Amino acid sequence: MEQLKHLENRDLGNNCCPVMKTPLSNECCWLVKKFCLSALFFAFHSSFAEDSETQFSEKAVPIIKDGETQVAPRFKDSDMWIRHDLWVETDFDSDGDGKKDRMHVDVTRPRQTETEGLKVPVIYNSSPYFAGTAKPVHDFMWDPRQELGEDPLKRRKAPSAKRKGERPIISKGHVKDWVPRGFAVVHSSSPGTGLSQGCPTVGGDNESHAPKAVIDWLNGRAMGYTTVDGLEPVTSCWSTGKVGMIGTSYNGTLCLAAATTGVDGLEAIIPVAPNTSYYHYYRSNGLVRSPGGYMGEDIDVLYDFINSGDPNKREYCNANVRDKDMASGIDRVTGDYNSFWAGRDYLNDLEPVKAAVLMSHAFNDWNVMPEHSNRIYQALKEKGVPLQVYYHQGGHGGLPPIKLMNRWFTRYLHGFENNVEKDARAWIVREGEDRNEPKPYEDYPNPAASPVTFKLIAGAPEMGKLTIARNSNQGTETVVDNFSFSGSALAQADWTEHRLMYLTEKLTEAVHLSGTPRITIKLASNKPTANLSIWLVSLPWNGNKNAKITDNIITRGWADPQNHRSLTESEPLVPGRFYDMTFDLQPDDQVIPVGQQIGLMIMSSDREFTLRPDPGTELVIDLDETSIQLPLVGGAKAFAKAVTKKASKKKVKSKKTTSSTVSNSVSYVVKDTDRGELHYANANGEAVLKVISSDDKVVFDGPINTKKQKAKVPREAMQWYEEVSRKIKK
């Protein structure tokens, strides 16, 4: 019966696309043996389909209500969907066989596209991952344990990727969301992966032109075939030609890659956590830096990871792509930006883009970092294409809420005027909130944010100060490199020579950072090469297992001091000579709560991200010539207010209270020797509560504006807060 269903999904019947039947030569013997059973099955199914359709007097059409495409009863039965696969011919030959490469494509669409002549728009997802990857990936990474500026040790050989999956289905991703709403969903394996021909190039031009060819086929401009090497054509008469692409990570990259071709018919894209520059993915301001969680990964590792295509073509692809183009271009010695990396930077290819873009990313994504989306989002503003951005506070991946995506696709694939272009341009999930409940903002960064410059006051090897007041004659302080210590351990250390830490005063009002911090640093090294790592942290550090991802690290950045003049040409450092360097940290939008201190941490190697040279390199920092700009909502005035000690208006009595003061309605702190500390702040109508137990553990830290939020507060903590609130009201 399973085999019959498989065949039924391939048999498309008599219609405007009669050539879409897939040859079944491999099953001929089986069909002969089971002819009678097959005939009975199809007769029954055809009768059932006819009976099902005749009960409706009108043809099925998508339903649009309140500006969104709704799930339609006649589209939601997955047993009535049509599934088939094909190969689309491209305009390139990347595997050197003298023939144009063909991409493997699958289609899932409502049956009414066959029985009623319904034409539907398409949601399209392309990926190098669908057909499987080489594992375990950590076995063939580069070894980060090496001296800077030296040739790396040879990388271990990667195992062959084993192809997975069965025709006609490449992937089931996005099908349940969109086919019941009357869209077709199309998938394709990118070049050199799965049953797609060609070579994987990881950002090469063929990865842009492959999805373009699929979109051309959906518009009748390119040829599709029933087999990888046959000539029996497949058409897409069921398609309106309106295509929206969606995908996460590498799949999101391919959305943008297709858009950079300017292909007609690609009306909208939703790239989620897209890698928009392979240089920015594997390097940072001249520094060799791994993506978070994948220490030692580089672009050639990713090539081996996704190379699941035709084994007969791997020798050619390995020799010409990995061992020639990549080996000569990646430069793990200097980390400089060059033509190889420029050719894999989509910021350089935005001129043809005309598709409406809904960008999605996370501010705490340390794999594909948030700069990837932000750099494209800011550039596309200048082009005037329809544009929105969705940010959440989590890690890698995370689609926008279905409502945002639905409005986007309804507007640009159906052409329905739902005024989505008049919606908020930026949607940001606040700390601790549900990802499906983003807060609307005029734009990102917040237009009310302005850069505030902070200067450093000496304090090493303990904690120095970070202040908006200029303090001269601070001299120099030295940090000694030692990759053995993690950044989180150094941030929590009271005394260490392996990091420099500068703290603001404790916040008495919440501070909203929105935008890209920028550091200017003057330093000298005792060696010709050095790592430079910057963390912006929120202290005291919350070491609890249930700590939120936003509790401790605000943002981070890395740079190679050898690139202080140029990203394309590094120069060895003269030991003892001071150099000036300015670079950006990762963009962020975060509210740092009452009771915290903002900390600037300067270290050399970052155990989680950088190469790991022998310990001992010394970086000397000129404090008077070093500063950091933080984009703060309300600017310097708001920050000055946030660190101003509040005048006590009422005393709150509490059992064995050692220090108990209440200011105005904005914030207060209550300390109790038995209970601990209770911090409350209400800024612009947004209330935040933080409760610390008597043994210095954070019991709760988050907003308490709704019933749902208050329900998350531990019972005893809420009782204490309510007691204090009642006393204040009296």
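Higher on the page you've got the structure.
Residues numbered from 1 in each chain as written. Predicted model: local features only at pLDDT ≥ 70, side-chain atom pairs only at ≥ 80, totals over all residues. Heavy atoms only, no water.

Considering the pairing of strand β17 (residues 449-457)
Then, in step 1: For β17 and strand β29 (residues 627-633), the ladder comprises seven bridges, and the chain directions are antiparallel. Paired with Lys455 across the strands is Ser627, a residue of β29.
Then, in step 2: Pairing geometry for β17 and strand β18 (residues 463-467), over three bridges, is antiparallel. Among the inter-strand pairings, Ile457 is bridged to a residue of β18, identified as Lys465.
Then, in step 3: Connecting β17 to the next strand, β18, in antiparallel fashion are five residues. (Pairing = 2+ DSSP bridges. Helix = DSSP H or I, 4+ residues; strand = E, 2+ residues; numbered from the N terminus.)

Focus: the packing of aromatic side chains
Then, in step 1: Inspection of every chain in the model, using the stated rule, returns 17 aromatic pairs.
Then, in step 2: When the centroid spacing of 5.4 Å and the interplanar angle of 85° are considered together, the rings of Trp178 and Phe183 count as edge-to-face. For the pair formed by Trp178 and Phe183, the shared burial category is buried.
Then, in step 3: Ring centres of Phe363 and Tyr444 lie 5.5 Å apart, and the angle between their planes is 45°; on these two criteria the pair is classed as tilted. In this pair, Phe363 is assigned in the loop between β13 (356-362) and α12 (371-383) and Tyr444 in the loop between β16 (439-441) and β17, connecting sequence segments 81 residues apart. Comparing Phe363 with Tyr444, the two get one shared label, buried.
Then, in step 4: Put simply, the rings of Tyr129, Tyr250, Tyr278 and Phe305 pair up and form one aromatic cluster.
Then, in step 5: One Lys or Arg, Arg181, reaches over the ring of Trp178 and ends 5.8 Å from the middle of that ring. (Phe/Tyr/Trp six-rings, centres within 6.5 Å; stacked < 30°, edge-to-face > 60°. Buried < 20%, exposed > 50% of the residue type's maximum accessible area, 1.4 Å probe, protein only. Lys NZ or Arg CZ within 6 Å of the ring centre and 35° of its normal.)

As for helix α10 (residues 314-329)
Three- or four-residue spacings in an α-helix give side chains the same orientation, since the helix completes a turn every 3.6 residues.
Then, in step 1: Those residues of α10 that sit buried are Arg314, Cys317, Asn318, Val321, Arg322, Met326 and Gly329. Angularly, the buried residues of α10 cover 125° about the axis, an arc narrow enough to put them on a single face. Pointing more than 90 degrees away from the buried face of α10 are the exposed residues Glu315, Lys324 and Ser328.
Then, in step 2: Summarising the contacts, the buried residues of α10 are in contact with α9 (299-306) and α11 (339-342).
Then, in step 3: Directly beyond the C-terminal end of α10, a positive phi value near 50° is found at Asp331. (Arc of directions from axis to C-beta. Contact = heavy atoms within 4.5 Å.)

Let's talk about the nonpolar core
Then, in step 1: The biggest cluster of nonpolar side chains holds 49 residues, and the ones touching the most others in it are Val186, Trp217, Trp238, Leu266 and Ile269.
Then, in step 2: Apart from residues lying up to four places away in sequence, Leu266 is in contact with Ile215, Val243, Met245, Cys255, Ala258, Ala259 and Ala355.
Then, in step 3: Formed by 34 residues, the second largest nonpolar core is a distinct cluster that contains Val452, Phe454, Leu500 and Val511. (Core = buried A, V, L, I, M, F, W, Y, C linked by side-chain atoms within 4.5 Å.)

Considerations on the state of the cysteines
Then, in step 1: Within the structure shown, the criterion is met by one disulfide.
Then, in step 2: What pairs with Cys199 in a disulfide is Cys317, and their sulfur atoms sit 2.0 Å apart. Taking the sign of the S-S torsion, about -80° here, the bridge from Cys199 to Cys317 comes out left-handed. Here the residue Cys199 occupies a position in the loop between β6 (184-189) and α6 (206-218), and Cys317 occupies one in helix α10, the gap between them amounting to 118 residues.
Then, in step 3: Owing to a relative accessible area of 0%, Cys199 belongs among the buried residues under this scheme.
Then, in step 4: Overall, Cys317 belongs to the buried group, its relative accessible area being 2%. (Disulfide = S-S within 2.5 Å.)

A look at the environment of Tyr316
Then, in step 1: Mapped onto the elements of the fold, Tyr316 is located in helix α10.
Then, in step 2: By relative accessible area, which is 36% here, Tyr316 ends up partly exposed.
Then, in step 3: On a C-alpha basis, the gap between Tyr316 and Ser94 in space is 9.8 Å, while along the polypeptide they are 222 residues apart.
Then, in step 4: Not counting the four nearest positions on each side in its chain, Tyr316 is found in contact with Ser94, Asp95, Gly96 and Cys199.

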